[in-house]
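What follows is each chain in one-letter form.
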Amino acid sequence: MPEGPSVRKFQLLISPFVGQVVAKVGGSSRKLNVNDLNALRLQDSQVHGKNLYLAFGPFGPTAEETMLQREAACGAHCPAQGGQGQAGAPHSQDKELQELQHSRSEAPDGAEGPGEWLRIHFGMFGSVRANEFSRANRANKRGDWKDPVPRLVLHFESGGFLVFYNCRMLWCSSPRADPASDILSVEFHRGRALRALRVPDPICYTLLDQRYFSGLGNIIKNEILYLARIHPLTPGSLLAFSDLEHLLDCAVQFSSEWLHNKLRGQGLHPQVYQKDQCPLGHPLMKATFGPSGGLKRPTWWCPQCQPAVL
């Protein structure tokens, strides 16, 4: 499924549509009544880990439009007041700025029913497209060339549209956010992450725990374990503190560089993920690891570069 850097790229595609009103909706979602989004205004977008949140509210003038209307109304009366009108302008503008800031912070939470936050969690091949539909680039198992079916399509009054593929959507009152656990957040809490890594569980289990490493997925896990030269099944409690710090540095740096490459339109060039050999030419091992009763994920590692800790 898309990891943190990919979801943040999706948000970048959505950002030009914030403030616009939905004119028409479509899509194949069965759990979401897509018609509830009709005539709502897209008010905000946020990313927390692997989840994308969209705030919708009832149609009406935006805070910026309201402010412009007030300035226009003031401009119609101020000339008649002469110097007194000009002297009172700074106080009036300060008050309007405070109201604008207040309306921005209150608007998403003040809406009722469907006019709240839509949480979007993407599946394995989930994606967002702006002003274009995804097209089949190969035949399916039955030999058919069928284009992917979107879960949600939002057409806006401006004429543009957004398309969401392979995702689960549900309404919520507010985003479930913990910036301290988000590896791409400036508020990421290194101390808490290091404490999590020191538990006796295999290190590859802990790295996928979204409570401490929100946005970190299987690709990042495989790549940073190779970069740090750590065997995936090594218990965190057996690693030196300096090794854990280096692993955490690799996680933050790799995720940030992946995001920057995405924003520049460049692809990912993994060193071990889905590879047969490591960059040094050693054959890679592949197995599926995961906690008992939990999700098992494919893992690649180099026995020579990432020796097991005995």
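Nothing here was measured: the structure is a model prediction, and the numbers come from that model. (Residues numbered from 1 in each chain as written. Predicted model: local features only at pLDDT ≥ 70, side-chain atom pairs only at ≥ 80, totals over all residues. Heavy atoms only, no water.)

Remarks on the overall build of the protein chain
At step 1: For the protein chain, the count of helices and strands is seven helices and eight strands.
At step 2: When each of the 310 residues of the protein chain is scored for burial, the buried share is 42%.
At step 3: For the protein chain, contacts bridging at least 24 residues in sequence account for 67% of all contacts bridging at least 6.
At step 4: Of the roughly 16900 Å² of accessible surface on the protein chain, 51% is carried by carbon and sulfur atoms. (Helix = DSSP H or I, 4+ residues; strand = E, 2+ residues; numbered from the N terminus. Buried < 20%, exposed > 50% of the residue type's maximum accessible area, 1.4 Å probe, protein only. Contact = heavy atoms within 4.5 Å. Areas by Shrake-Rupley, 256 points an atom, 1.4 Å probe, with all protein chains shown as cover.)

So, the pairing of strand 4 (residues 117-130)
At step 1: Note that strand 3 (residues 51-58) and strand 4 share five bridges and pair antiparallel. If you follow Leu54 over to strand 4, its bridge partner there is Leu118.
At step 2: Taken together, the 10 bridges between strand 4 and strand 6 (residues 161-172) define a ladder with antiparallel strand orientation. Its bridge partner being in strand 6, Arg129 is matched across the sheet by Val163. (Pairing = 2+ DSSP bridges.)

A closer look at the layout of surface pockets
At step 1: Looking at the largest pocket, its volume works out to about 1400 Å³.
At step 2: As for the largest pocket, its lining consists of 42 residues, of which Pro2, Met124, Phe125, Gly126 and Ser127 are closest to the centre.
At step 3: Taken together, the residues of the lining of the largest pocket sort by class into 18 nonpolar, 13 polar and 11 charged.
At step 4: There are two domains that each give the lining of the largest pocket at least three residues, and those are domain 1 (4-59 + 115-172) and domain 2 (179-301).
At step 5: There is about 920 Å³ of room inside the second largest pocket.
At step 6: Lining the second largest pocket are 36 residues, and of these Leu208, Asp209, Gln210, Arg211 and Tyr212 sit closest to its centre.
At step 7: Of all the secondary structure elements, the ones that give two or more residues to the lining of the second largest pocket are strand 3, strand 4, strand 6 and helix 5 (203-207).
At step 8: Of the residues forming the lining of the second largest pocket, the biggest block, three residues, is contributed by helix 5.
At step 9: Looking at the lining of the second largest pocket residue by residue, the classes come out as 15 nonpolar, 11 polar and 10 charged.
At step 10: Residues from two domains meet in the lining of the second largest pocket; each of domain 1 (4-59 + 115-172) and domain 2 (179-301) gives at least three. (1 Å grid on protein atoms, 1.4 Å probe; cavity = no way out; pocket = protein on both sides within 12 Å on 5 of 7 lines; lining within 4 Å. Points joined across faces, edges and corners; volume = space filled by probe spheres on them. Nonpolar A, V, L, I, M, F, W, Y, C, P; charged D, E, K, R; others polar. Domains from an automatic or database assignment.)

Structural notes on the side chain of Gln20
At step 1: If you trace the backbone, Gln20 turns up in the loop between helix 1 (4-14) and strand 1 (22-26).
At step 2: Side-chain polar atoms of Gln20 contact the backbone oxygen of Pro16, separated by 3.2 Å.
At step 3: Not counting residues within four places of it along the chain, the set of residues in contact with Gln20 comprises Leu40, Arg41, Leu42, Phe156 and Ser158. (Polar contact = N/O pair within 3.5 Å; in protein donor to acceptor, adjacent residues only side chain to side chain.)

Points about the sheet that holds strand 4
At step 1: Spatially, six strands are ordered 1-5-6-4-3-2 in an open sheet, and the strand pairing comes out antiparallel. Both edges of this open sheet fall to strand 1 and strand 2 (40-48), since each of them pairs with a single strand only. Across the sheet, the mean angle separating the axes of adjacent strands is 40 degrees when strand polarity is ignored.
At step 2: Lying on the sheet, helix 1 is in contact with strand 2, strand 3, strand 4 and strand 6; it crosses strand 4 at an angle near 110 degrees. (Axes fitted to C-alpha atoms, helices over the stretch in contact; angles between N-to-C directions.)

Observations regarding the packing of aromatic side chains
At step 1: Using the criterion set out here, one finds seven aromatic pairs in the structure.
At step 2: Ring plane angle 70 degrees and centroid distance 5.0 Å describe the contact between Tyr273 and Trp300, whose orientation is recorded as edge-to-face. In this pair, Tyr273 sits in the loop between helix 7 (241-263) and strand 7 (285-289) while Trp300 sits in strand 8 (residues 297-301), placing the two residues 27 residues apart along the sequence.
At step 3: A cation over a ring is seen here: Arg229 above Tyr226, with NZ or CZ 4.2 Å from the ring centre. (Phe/Tyr/Trp six-rings, centres within 6.5 Å; stacked < 30°, edge-to-face > 60°. Lys NZ or Arg CZ within 6 Å of the ring centre and 35° of its normal.)

Considerations on the packing of helix 4 (residues 190-197) against helix 7
At step 1: At a minimum axis distance of 10 Å, the contact between helix 4 and helix 7 shows a crossing angle of 120 degrees. Between helix 4 and helix 7, the angle is such that the two are oblique. Helix 4 and helix 7 meet at a crossing whose hand is right-handed. Only Phe241, Leu244, Glu245, Leu247, Leu248 and Asp249 of helix 7 make contact with helix 4, whose side of the interface consists of Arg190, Ala193, Leu194 and Leu197. (Parallel < 35°, antiparallel > 145°, perpendicular 65-115°, else oblique. Left-handed = near helix turned anticlockwise from the far one by under 90°.)

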